[in-house]
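Summary of structural features
One-letter residues, chain by chain:
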Amino acid sequence: DLHSFPTRRSSDLGNLVDLGIGLTWAEASGVAPALEKGAVILEGALSNVVVLDLTRVLAGPFCSMMMADMGAVVIKIENPKGGADERSMGPFKEGVSAYSMNLNRNKKAVTLNLKDPKGKGIFLEMLEKADVVLENFRPGTMEKLGLGYEDLKKVNPGIVYGAISGFGHTGRYSKRPGYDIIAQAMGGLMSTTGWPGGEATRTGTAMGDVLGGLSCAIGVLAALNSRARTGQGQKVDIALVDSVVASLEIINMIYFVEGRVPERIGNRYESTYPYDSFRASDGSLVIGAGNNKLWQDLARMMGREDLLQDPRFGETRDRVAHHEELRGIVEDWTSRQTVKEIHEKLDRAGVPCAPIYSIDQVTSDPHIAEDREMFVECEHPVAGRLKLTGSHLKLSGTPASIRTPAPELGQHNNEVYGSMLGYTAEQVAELEREGVL
């Protein structure tokens, strides 16, 4: 429950510090329990944080999903006409988007027309009691509504404003539209993905969006920590393209140091070898002998101690330079055995290796699915029983979890507007009839 929202603003509470932790509105209001010295916190790590979530599709909802999994009170604000885009994106179960059910679990859902003057006023009332605003509109959209960061910080100086866009809120490309595939293309990821001589390839999932969501969550948490010390919020400006560029790590450095433009090299890694996929008698697997010791262990397991005296393979840089010859040697050994046989031998020897799983194999692996709880069965009021992807964030004291299913459009209008702003059910109903909610 949201319990009862107080009338004082979060900025009034933002400067209070108790036990070195900023006391936020959520704690003072009873949304989160007061923190006590030596207490064991069973609630999520972010249960004292209130997020107004204006995001849609993937990058933004992925960011707010992580925060909700960690206990934040995430209020998903959607257009009354149709809601967020991801509600219409498949696959579907019983007519409900599984895309949306995965991304929007643990959130409260309200409708609000930000283009209506009354809707804008309601949003500003909510802002006074929030800690974070998240949006992933094209830069300038919120400013046209009079709800950009410069406008919002006048109402709540402590607000942390997380914005995700294709190219960021500054720079000559800032007004360009951007999706995941744009970020992968212009960030350089596509140019280095695929096989030599083949076409530039988008990764199998929307990594540009996921990297943007992760980056925004990190930036928002850093800004919240800064606010706990200073009482002041700030804007977190995340570009999908920037996030992809940052992820290329060694690719960028190869160009800067060697002047060489990295190209598509299949599953091989630029900086060490053997670190690649290899054919077995019944499929393929990957081997990651990432340093000299692991290479030596692999050579011994293959019964090829002679290779350890071969100057072509002595050091990491030598093996990278002669990767084609070494690949042939390793694959001559792997091709005469099954994936299971190779995996068992190398695993015993401590050499990193793995079968290349299809998704059905990922979801049935007991370590991933059970031990690490990466697939969680949930009950949705319309879709029924289904599995969602669990949280990859494992906190020992305040574990992330899936507590409630993704809400239906406007499901929490009465609860949120009643608790947060004191609206009666009749007032909410009237606003809905007017198209404000």
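The coordinates are above.
Here is a short report on the structure shown in this document. Just so it is clear, the model here is predicted, and its values are computed rather than measured.

Let's talk about the overall build of the protein chain
- A tally of regular secondary structure across the protein chain gives 19 helices and 15 strands.
- With the principal axes as the frame, the protein chain shows a C-alpha extent of 80 × 50 × 45 Å.
- Residue burial in the protein chain is summarised as follows: out of 437 residues, 48% are buried.
- Taking all contacts inside the protein chain whose residues are at least 6 apart in sequence as the whole, residues at least 24 apart take part in 66%.
- If you sum the accessible surface of the protein chain, you get close to 21200 Å²; carbon and sulfur atoms cover 52% of it.
- When the 47 positive and 57 negative side-chain charges of the protein chain are each reduced to one mean point, those points stand 4 Å apart.

Here we look at empty space enclosed by the protein
- Per the counting criterion, the structure on display carries one cavity of 30 Å³ or more.
- One number sums up the size of the largest cavity: a volume of about 30 Å³.
- Lining the largest cavity, in full, are Met101, Cys378, Glu379, His380, Leu386, Leu388, Pro405 and Ala406.
- Taken together, the elements giving at least two residues each to the lining of the largest cavity come down to strand S14 (375-380) and strand S15 (384-389).
- In terms of residue count, S14 provides more of the lining of the largest cavity than any other element does, three residues in total.

Let's talk about the sheet that holds strand S10 (residues 235-239)
- Taken together, the six strands give an open sheet; going across it, the order is S7-S4-S3-S8-S9-S10, and neighbouring strands pair in parallel fashion. Only two strands of the sheet have a single partner each, and these edge strands are strand S7 (108-111) and S10. Adjacent strand axes in the sheet meet at a mean angle of 20° when their direction is disregarded.
- Sheet analysis places strand S3 (residues 50-53) next to strand S4 (residues 73-78), joined by four bridges and oriented parallel. Looking across to S4, one finds that Val51 is bridged to Val74.
- Of the strands in this sheet, strand S8 (132-135), strand S9 (160-165) and S10 are in contact with helix H9 (residues 207-230), which crosses S9 at around 165°.

Basis of the calculations
Residues numbered from 1 in each chain as written. Predicted model: local features only at pLDDT ≥ 70, side-chain atom pairs only at ≥ 80, totals over all residues. Heavy atoms only, no water. Helix = DSSP H or I, 4+ residues; strand = E, 2+ residues; numbered from the N terminus. Buried < 20%, exposed > 50% of the residue type's maximum accessible area, 1.4 Å probe, protein only. Contact = heavy atoms within 4.5 Å. Areas by Shrake-Rupley, 256 points an atom, 1.4 Å probe, with all protein chains shown as cover. Lys, Arg positive; Asp, Glu negative; His and termini not counted. Charge placed at Lys NZ, Arg CZ, Asp CG, Glu CD. 1 Å grid on protein atoms, 1.4 Å probe; cavity = no way out; pocket = protein on both sides within 12 Å on 5 of 7 lines; lining within 4 Å. Points joined across faces, edges and corners; volume = space filled by probe spheres on them. Pairing = 2+ DSSP bridges. Axes fitted to C-alpha atoms, helices over the stretch in contact; angles between N-to-C directions.

The quantities given are spatial measurements derived from coordinates; they are silent on function.
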